[in-house]
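Tertiary structure, described
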Amino acid sequence: MFQRMKHPPSHALSRWLRQVGAFQVLDGLGDALDDTAVFIVDADQEVLFWSSGAERLLGWTPDQVIGQHCLKANRCQQCVRTCGVREYSRVNDMPLTLYREDGAPVRVRKSARAFQGADGAFLGAIEVLQPDRSLAPSETPALSDPGEDFHGLRSADPAMRQVFQVVRNVAETDATILVRGESGTGKELIAQAIHQESNRQDRPFFSVNCAALGGNLLESELFGYVEGAFPGAKRPREGLLKRADGGVLFLDEVAELPLELQAKLLDLIEQRRYVPLGGSDPVEVDLRIIAATHTSLRQAVRAGRFREDLMYRLRVVPLFLPPLRDRRADIELLLWEFISRHNERGPRRIVEVQPEAMRALLDHHWPGNVRELQNVVQYAFAVGRGPQLRLAELPPEFREEEGGSTAPPLDEGARIRWALAQSNGHVGKAADLLNMSRPTFWRRRKKLGI
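So, a few notes on the structure that sits alongside this text. (Residues numbered from 1 in each chain as written. Predicted model: local features only at pLDDT ≥ 70, side-chain atom pairs only at ≥ 80, totals over all residues. Heavy atoms only, no water.)

**A word on the packing of helix α15 (residues 328–345) against helix α17 (residues 369–383)**
Between two packed helices, the angle of one axis relative to the other and the distance separating the axes together describe the packing. Using the following cut-off: To get an axis, fit a line to the C-alpha atoms, keeping to the stretch in contact for a helix; angles then go from 0 to 180 degrees between the N-to-C directions. In this description a helix means any DSSP run of H or I spanning at least four residues, a strand means any run of E spanning at least two, and both kinds are numbered starting from the N terminus. Here the angle decides the label: under 35 degrees means roughly parallel, over 145 means roughly antiparallel, 65 to 115 means roughly perpendicular, and every other value means oblique. Left-handed describes a crossing whose near helix is turned anticlockwise from the far helix through less than a right angle; right-handed describes the clockwise counterpart. Any two residues having at least one pair of non-hydrogen atoms within 4.5 Å are treated as being in contact. Classes in brief: Ala, Val, Leu, Ile, Met, Phe, Trp, Tyr, Cys and Pro nonpolar; Asp, Glu, Lys and Arg charged; the others, Gly included, polar.
α17 packs onto α15 with a crossing angle of 45° between their chain directions and a minimal axis gap of 10 Å. With respect to α17, the axis of α15 lies oblique. Pair α15 / α17 crosses with right-handed handedness. Mapping the contact onto sequence places Ile331, Leu334, Leu335, Phe338, Ile339, Arg341, His342 and Asn343 in α15 and Val370, Leu373, Gln374, Val377, Gln378 and Phe381 in α17. By residue class, the composition of the contact of α15 with α17 is 9 nonpolar, 4 polar and 1 charged.

Here it is in structure tokens:
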């Protein structure tokens, strides 16, 4: 039962709605709002109604979206993090950037109202999207190729577009996938895209960073444990393998997985079952494994740090994400994407980039890739003012590069030495230069003996 209306309809209105039909009224309202999208979702956020205005604004026909999750229809990056209406019951005039069926960005203002049952459970919502005319179209320059938006990854680069197509193809299977790419290239976003494109999209997606946890903690996190498995294990706990049953488990930095756990992971992949820590009875699971690494697993195998049989099991389908420095067309494309997001939040709005600043951005080595570019834009909005992004508003390393400082080299050991030299030995600053956390920087430095 829906919540009681603040102003119940009159008897005449109720009679008229029965006579005309609620769907016809809703359809007529959506059609009358010519350039406004009106749609309704149920408790699972699957689209039940899609107005003709929604089709005109976003390019999707009702046949394409009805019965689908609303994120597949509106391709809203912000909504992946938080829906808003589900959490707060009401959204008023929220600025968003969506992407049309053809990949073109659309700025809208979202208003929505949720409906709840007597027990407070979310039953669905009606949402209204209006074109955002607060930003003049000229604020974002017309790019020769607006690129393709793919589950939060946007690129005009042919190699990246090929990755997108491979993801669409392999998502239809249960093949194990190994994603290779530098830090900040979007490996977890690719894993999420595979999940969203697959028939497991309505099942769980869990992610774990194998480099962030010690061996014992990682084992209990993945496999769970039974009561009494170790001191302090007073009750059993399910691991991520069980919680991800039916869905996808993403193993980031899989090259850091301890050898003893590599054997257990191999058994899991081959037999589709595992034994919890301290247990004796196997637990069967149906899940898809996606792994990622920023280093070569073949080199790890040669160094004796990784099992060769597990490497072949993980890389049935290898995917390589090119670094941002090899995608020069994407630098300007993503720069304006991130500027537009900050423009929506205000109060500063950038409408042009100083030529010297653009040259510095295009010439930069981008060791932190797309994540670093996001941070650079955030830095510029924080320290600068006015409608132009200037060279002086970029982080200090950009001005040093303008003065002849060398870009960081490709080899990881040399990159760490470069970052330490640039930061005068300050570990925190060196980690920031490479867009790493301090623990990750420390571990890699220790491993390389620097």
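Next comes the rest of the write-up.
**A few points about the pairing of strand β14 (residues 317–320)**
Successive side chains on a regular strand alternate, one facing one side of the sheet and the next facing the other. Definition in use: Burial classification: accessible surface area is computed with a 1.4 Å probe over protein chains only, and a residue below 20% of its type maximum counts as buried, one above 50% as exposed, and the rest as partly exposed. Any two strands with at least two DSSP-identified bridges between them are counted as paired.
Along β14, the buried face is formed by Val317 and Leu319; none of Pro318 and Phe320, which line the opposite face, is buried. Sheet topology places strand β8 (residues 177–180) next to β14; 4 bridges connect them, and they run parallel. In the strand pairing of β14, isoleucine 177 is matched with valine 317.

**Here's the deal with unusual backbone geometry**
Although it is not a glycine, glutamate 253 sits at a positive phi angle of roughly 50°. Checked against the element boundaries, glutamate 253 lands in the loop between β10 (248–252) and α12 (259–271).

**Some thoughts on the nonpolar core**
This is how the line gets drawn: Here the nonpolar core consists of buried residues drawn from Ala, Val, Leu, Ile, Met, Phe, Trp, Tyr and Cys, with membership extended through side-chain atoms lying within 4.5 Å.
Core analysis: the largest hydrophobic core is formed by 31 residues, its most contacted members being Leu249, Leu251, Val254, Ile289, Phe306 and Leu314. Contributing elements (two or more residues each) for this core: α10 (215–223), α11 (240–243), β10, α12, β13 (288–293), α13 (297–302) and α14 (308–314). Sequence-distant contacts of leucine 249, that is, excluding residues within four places in its chain, are made with Phe206, Leu222, Leu240, Leu241, Ala244, Arg288, Ile289 and Ile290. The next biggest cluster of nonpolar side chains, apart from the first, holds 24 residues, and it includes Leu324, Val377, Leu391 and Leu394.

None of the figures reported here should be taken as evidence of function without further support.
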